[in-house]
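Residue-level listing of the chains:
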Amino acid sequence: MAGQTTKCVLVCGGAGYIGSHTCTALAERGHRIVIADNFANSSPRVLLRLQRIVGAPVECERLDLRSKSAVTRLFKRHRFDAVIHFAALKAVGESFERPLAYFDNNISGTINLLGSMHDAGVMRLVFSSSATVYGDPESVPINEQARLGVTNPYGRTKLVMEQLIEDLCHADGCFRAANLRYFNPVGAHPSGLIGEDPAGIPNNVMPYICQVAAGRRGKLSIFGDDYPTPDGTGVRDYIHVMDLARAHVVALDYLVRGDGNLTVNLGTGRGISVLELVHAFERASGCSIPYEIVARRRGDVAEVYADPSLARRLLGWRTRLDLHAMCRDAWRWQSMNPDGYQRPTAKTKSSPLASRKTMT
Ligand code: NAD
Ligand code: WQD
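Residues numbered from 1 in each chain as written. Chains lettered and ligands numbered in written order. Predicted model: local features only at pLDDT ≥ 70, side-chain atom pairs only at ≥ 80, totals over all residues. Heavy atoms only, no water.

Visitor: I would appreciate a short explanation of empty space enclosed by the protein in the present structure.
Guide: The gaps left among the atoms become clear once a water-sized probe is rolled over them. In total, this model carries two cavities of 30 Å³ or more according to the counting rule given. For the largest cavity, the calculated volume is near 60 Å³. For the largest cavity, the full set of lining residues is Tyr17, Val186, Gly187, Glu196, Met206, Pro207, Cys210, Ala330, Trp333 and Gln334. Of all elements in the fold, only helix 7 (205-213) and helix 11 (323-336) reach the threshold of two or more residues within the lining of the largest cavity. The residue inventory of the lining of the largest cavity, partitioned by class, reads seven nonpolar, two polar and one charged. (1 Å grid on protein atoms, 1.4 Å probe; cavity = no way out; pocket = protein on both sides within 12 Å on 5 of 7 lines; lining within 4 Å. Points joined across faces, edges and corners; volume = space filled by probe spheres on them. Helix = DSSP H or I, 4+ residues; strand = E, 2+ residues; numbered from the N terminus. Nonpolar A, V, L, I, M, F, W, Y, C, P; charged D, E, K, R; others polar.)

Visitor: Sorry, what's going on with the layout of surface pockets here?
Guide: If you add up the space inside the second largest pocket, you get close to 350 Å³. Along its surface, the second largest pocket is lined by 18 residues, and Ala25, Glu28, Met242, Arg246 and Arg320 are the ones closest to its centre. Elements with a minimum of two residues in the lining of the second largest pocket: helix 1 (17-28), helix 8 (241-257) and helix 11. In terms of residue count, helix 8 provides more of the lining of the second largest pocket than any other element does, five residues in total. The class makeup of the residues in the lining of the second largest pocket is seven nonpolar, four polar and seven charged.

Visitor: I keep staring at the packing of aromatic side chains and nothing clicks. Help me out?
Guide: The geometry of an aromatic ring pair is captured by the separation of the ring centres together with the interplanar angle, meaning the angle of the planes. A full pass over the atoms with the stated rule returns four aromatic pairs. Consider the rings of Phe281 and Trp331, whose centres lie 6.0 Å apart with planes at 80 degrees: the pair is edge-to-face. Of this pair, Phe281 sits in helix 9 (residues 274-285) while Trp331 is found in helix 11, placing the two residues 50 residues apart along the sequence. Judged by its relative accessible area of 0%, Trp331 is buried. For the cation-ring pair, Arg217 lies above Tyr208, with the distance from its terminal atom to the ring centre recorded as 6.0 Å. (Phe/Tyr/Trp six-rings, centres within 6.5 Å; stacked < 30°, edge-to-face > 60°. Buried < 20%, exposed > 50% of the residue type's maximum accessible area, 1.4 Å probe, protein only. Lys NZ or Arg CZ within 6 Å of the ring centre and 35° of its normal.)

Visitor: In this structure, what is going on with the site of ligand 1? I would like to understand it.
Guide: Taken together, the neighbourhood of ligand 1 is formed by 27 residues, with Asp37, Asn41, Ser42, Tyr154 and Lys158 sitting nearest. Take Tyr17: an N or O atom from its main chain is 2.8 Å from an oxygen atom of ligand 1. At 3.0 Å, a backbone N or O of Leu65 approaches a nitrogen atom of ligand 1. Out of a free accessible area of 820 Å², ligand 1 has 96% covered by protein chains. At the level of elements, helix 1, strand 5 (124-130) and helix 6 (153-171) are the ones that each hand at least two residues to the shell around ligand 1. With three residues, the top contributor of residues to the shell around ligand 1 is strand 5. Across the shell around ligand 1, the residue classes break down as 14 nonpolar, nine polar and four charged. (Near = heavy atom within 4 Å. Polar contact = N/O pair within 3.5 Å; in protein donor to acceptor, adjacent residues only side chain to side chain. Areas by Shrake-Rupley, 256 points an atom, 1.4 Å probe, with all protein chains shown as cover.)

Okay, here's the thing in structure tokens:
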């Protein structure tokens, strides 16, 4: 982009869902990217898809951030200007069963990364945090001043990582960080070449709906219809992953300009219930989504949505893509790739898609 500096950006966890979409936005902005990923929750096939989207090979180093020596070597091989840190384990349920694995992966990995950044004089960090740090909020919409309080070990790792980064900013006035608290990212790149591809049974509602639409699962279980919300189902702030990707690019620009540190919510500011989401998906995809109401899920809260006004004020960022676009793009990705990254795109073979009505 004319007049704007381009940077070499290390994208830790860049092969994952949000990281891969952010890579497309970084490349579009003209930044050079190097992905570091151990593919614990992603596929190397993402790299070829990214190459098709950005029109050039994408550099990637396969490494585990828990290996201090591997991270040190990475910083010796490249001269990075900034880091975006997506690499983490993120499954709430699993984090109750394997808390040590979550602390080891998320926190040890972050300590190694921050240590190498510091040693190499790389002083700009964009960090993937989460609305999970607000726990069960006292009120909605949630602004950044809301009380922090986690309800699961995964959330605790995010809070500890935020605090580690904050302490480093205090200890070294040259170190700058943007702490981005995402609400519920959904959707996919408009090409349909990359998207969310969870391993096993999806924990999150949107990929579950997509797999029902694709015939991989029989019906959606809706976890409770007795919440104090307009239709009784849980309310969340779904945000299109491409809007989220763009927020990383503007947050990086903010850090490069030297405007200071930043903690912001990234959401639309609009709460959507599970039933509203199901109906919006049906309209966007032309598929019917069978569902049944089951018991509430442990740890779920009634309503979570953002006050995103601080991000707007500080970054000039706001969401552009609505619920229809989120559903349409999630479905484009799923219908072109019924088995995720496991097989070639569905355009080249007969598709097992079920219960398809019409595309809008
Ligand atoms: P993802 O699992 O798709 O991506 C994470 C990537 O990091 C994966 O490619 C994984 O292989 C890699 N990784 C994990 N541990 C690693 C390690 N030790 N070394 C190297 N690579 C490692 O997850 P995502 O949905 O893209 O989430 C990205 C980030 O955003 C995570 O930090 C997550 O906590 C945060 N976040 C996600 C959501 C969401 O709903 N998806 C919401 C809020 C915050
Ligand atoms: C959304 C709504 C469910 C699945 C999680 C993490 C959070 C963040 C984003 C990382 C809720 C309902 C779900 C299903 C359903 N991740 N639901 N049937 O729980 O808001 O947030 O992902 O930081 O930390 O907790 O997202 O997509 O799981 O649920 O009825 O099969 O859909 O009860 O109301 P959640 P979700």
